[in-house]
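Architecture and fold: a report
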Amino acid sequence: MEDNENNHVKVPKDHPRITSLMYRHKIIDGMKKLVVAEAGLIAHGRGECFDYILGEKTNMIAIQAIKAAVAQLLLAQHPVISVNGNVAALCPEDLVLLSKTLNAPLEINLFYRKNGRVDAIKHILEEAGAQNILGTDESTMVEIEELSSNRRNVDCNGIKISDVVFVPLEDGDRTEALKKLGKTVIAVDLNPLSRTAIWADITIVDNIIRTLPRMTKIALKYKNYTREQLKKIVDVFNNKENIQNTLEFIIEYINLQKEKAFNILNK
Ligand code: ATP
Ligand code: MG
């Protein structure tokens, strides 16, 4: 890796961790453009750590959750996709495509609502083709009592009236508040033990960069299904079992890596 005069870091194409490094730089660029909060960098690092112990691949357990999530979103009266800075910086095009495929609006929903951030995120989403982004007009924002400070603001045409909320990379307090408001919550979180993962109705333990394109692909297929078929997919899904299976998967994966590491260390 080398820095040129614009401070742009070039990642060599043959670098073994090129994907991870590319996304790291998207997050850093996002921070420079106000899209990502400083704390978002740390949240990304925590996510990377969990992705590492999941083998950086979408496993079959996550795919089960993704299928249930898509079915639930297609069954919803008012589905909403909540967008924060990290998700907007990592995969704006995928967000827009999923929103259009599911017919679910995007709502900018920030933990750190600093001046200029909403506009910066709106800009990156619009560049990716988004129209009618919610959470951007102060006159349509209302407060939800379950939360303190500026995190309680939601759009009266979006999350406020939604029945199903899709929250990639959400904070635990907000997830809990959404649950208390009676919403069905679908989370994407690489940490299967986070409060968000535990509180959500459907928890997708996967990296958002891999989850979104998979969701769109499945949504295109499920759009032809009847409501009964979709309901069946949601009904057979068990979130508790799914989280348990993910934890077992991590234990097995670490044991396997331990064996591999010791084979090298013992040489
Ligand atoms: P909680 O508040 O739910 O207990 P937390 O405080 O540990 O979680 P937050 O910073 O509130 O973490 O939320 C960020 C979450 O997003 C973390 O659990 C992190 O693992 C996860 N995360 C970060 N990057 C990604 C990513 N690219 N894909 C999926 N999840 C991610
Ligand atoms: Mg948190």
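Residues numbered from 1 in each chain as written. Chains lettered and ligands numbered in written order. Predicted model: local features only at pLDDT ≥ 70, side-chain atom pairs only at ≥ 80, totals over all residues. Heavy atoms only, no water.

**So, the packing of helix α1 (residues 18-32) against helix α2 (residues 38-52)**
The relative placement of two packed helices comes down to the angle between their axes together with the axis-to-axis distance. The condition that has to hold: Simply put, an axis is a line fit to the C-alpha atoms, just over the touching stretch for a helix, and the angle between two N-to-C directions goes from 0 to 180 degrees. Only runs of H or I of at least four residues qualify as helices and only runs of E of at least two qualify as strands under DSSP, and these elements are numbered from the N terminus. The labels follow the angle: roughly parallel below 35 degrees, roughly antiparallel above 145, roughly perpendicular from 65 to 115, and oblique for the rest. Crossings are assigned a handedness: left-handed for a near helix turned anticlockwise from the far helix by less than a right angle, right-handed for a clockwise turn. Any two residues whose heavy atoms approach within 4.5 Å at even a single point are treated as in contact. Residues are grouped as follows: Ala, Val, Leu, Ile, Met, Phe, Trp, Tyr, Cys and Pro are nonpolar; Asp, Glu, Lys and Arg are charged; all remaining types, including Gly, are polar.
At a minimum axis separation of 9 Å, α1 and α2 run at an interaxial angle of 165°. Considering the angle they form, α1 stands roughly antiparallel to α2. Two packed elements cross with a definite hand, and for α1 against α2 that hand is right-handed. Between α1, through Ser20, Tyr23, Arg24, Ile27 and Met31, and α2, the contact on the second element is made entirely by Glu38, Leu41, His44 and Glu48. By residue class, the composition of the contact of α1 with α2 is four nonpolar, two polar and three charged.

**Quick notes on the environment of Asn115**
Within the fold, Asn115 resides in the loop between β4 (106-108) and α6 (117-127). The sequence separation of Asn115 and Leu34 amounts to 81 residues, and the corresponding C-alpha distance is 9.2 Å.

**Description of the pattern of salt bridges**
To keep things clear, this is the line we draw: Throughout this description, the term salt bridge denotes a Lys or Arg side-chain nitrogen within 4 Å of a carboxyl oxygen of Asp or Glu. Categorising residues by exposure relies on relative accessible area from a 1.4 Å probe, with only protein chains included: less than 20% of the type maximum marks a residue as buried, more than 50% marks it as exposed, and the intermediate range marks it as partly exposed.
Taken as a whole, this structure holds 10 salt bridges when the rule is applied. A salt bridge links Glu56 to Arg17; its shortest N-O distance comes to 2.6 Å. Of this pair, Glu56 sits in the loop between α2 and α3 (60-75) while Arg17 sits in the loop between β2 (9-10) and α1; the two residues are 39 residues apart in sequence, bridging distant segments of the chain. Under the relative-accessibility criterion, Glu56 is labelled partly exposed at 31%. Relative accessible area serves as the criterion here: at 30%, Arg17 is assigned to the partly exposed category. Across the pair Lys180 and Glu176 runs a salt bridge whose closest N-O atoms are separated by 3.2 Å. Of this pair, Lys180 and Glu176 both sit in helix α7 (residues 172-180), four residues apart, which is roughly one turn of the helix.

**Thoughts on α1**
Just so we agree on the cut-off: A helix is expected to span 1.5 Å multiplied by its residue count minus one.
Helix length check: α1 (15 residues) gives 21 Å between terminal C-alpha atoms against 21 Å at 1.5 Å per residue, within 8%. Every buried residue belonging to α1 is among Ser20, Leu21, Tyr23, His25, Ile27 and Gly30, and all of these are buried. Of the residues flanking the end of α1, it is Leu34, one or two places downstream, whose phi is positive at about 75°.

**Topic: the nonpolar core**
Counted only if it meets this: By nonpolar core we mean a set of buried residues, namely Ala, Val, Leu, Ile, Met, Phe, Trp, Tyr and Cys, connected to one another through side-chain atoms within 4.5 Å.
In terms of nonpolar packing, the biggest core is built from 54 residues, with Val70, Leu125, Phe166, Ile204 and Met215 touching the most fellow members. Of all the elements, α3 adds the most residues to this core, at nine residues. Core analysis: the next-biggest nonpolar cluster, separate from the first, contains 10 residues, Val80, Leu178, Val185 and Ala200 among them.

**Points about the side chain of Gln72**
Summarising the element assignment, Gln72 is placed in helix α3. For Gln72, a relative accessible area of 17% corresponds to the buried category.

**Focus on the site of ligand 1**
For the record, the criterion: The nearness test applies per residue and asks whether one of its heavy atoms lies within 4 Å of the molecule or strand. Residues adjacent in sequence count toward polar contacts only when both atoms are side-chain atoms; beyond that, a polar contact is any pair of N or O atoms within 3.5 Å, and within protein one must be able to donate a hydrogen and the other to accept it. Under the convention used here, a 1.4 Å probe and the Shrake-Rupley method define accessible areas, while residue burial counts only the protein chains that appear.
Taken together, 17 residues form the shell around ligand 1, and within it Arg46, Asp171, Gly172, Asp189 and Asn207 come nearest. Contacts to ligand 1 include Asp171, whose side-chain N or O atom sits 2.8 Å from an oxygen atom. Contact distances for ligand 1 include 2.8 Å between an oxygen atom and a side-chain N or O atom of Asp189. Here ligand 1 loses 87% of its free accessible area of 620 Å² to cover by the protein chains. Sorting the residues of the shell around ligand 1 by element identifies α2 and α8 (195-199) as the ones contributing at least two each. The leading source of residues in the shell around ligand 1 is α2, at three residues.

As far as function goes, none of this settles anything; it's purely spatial.
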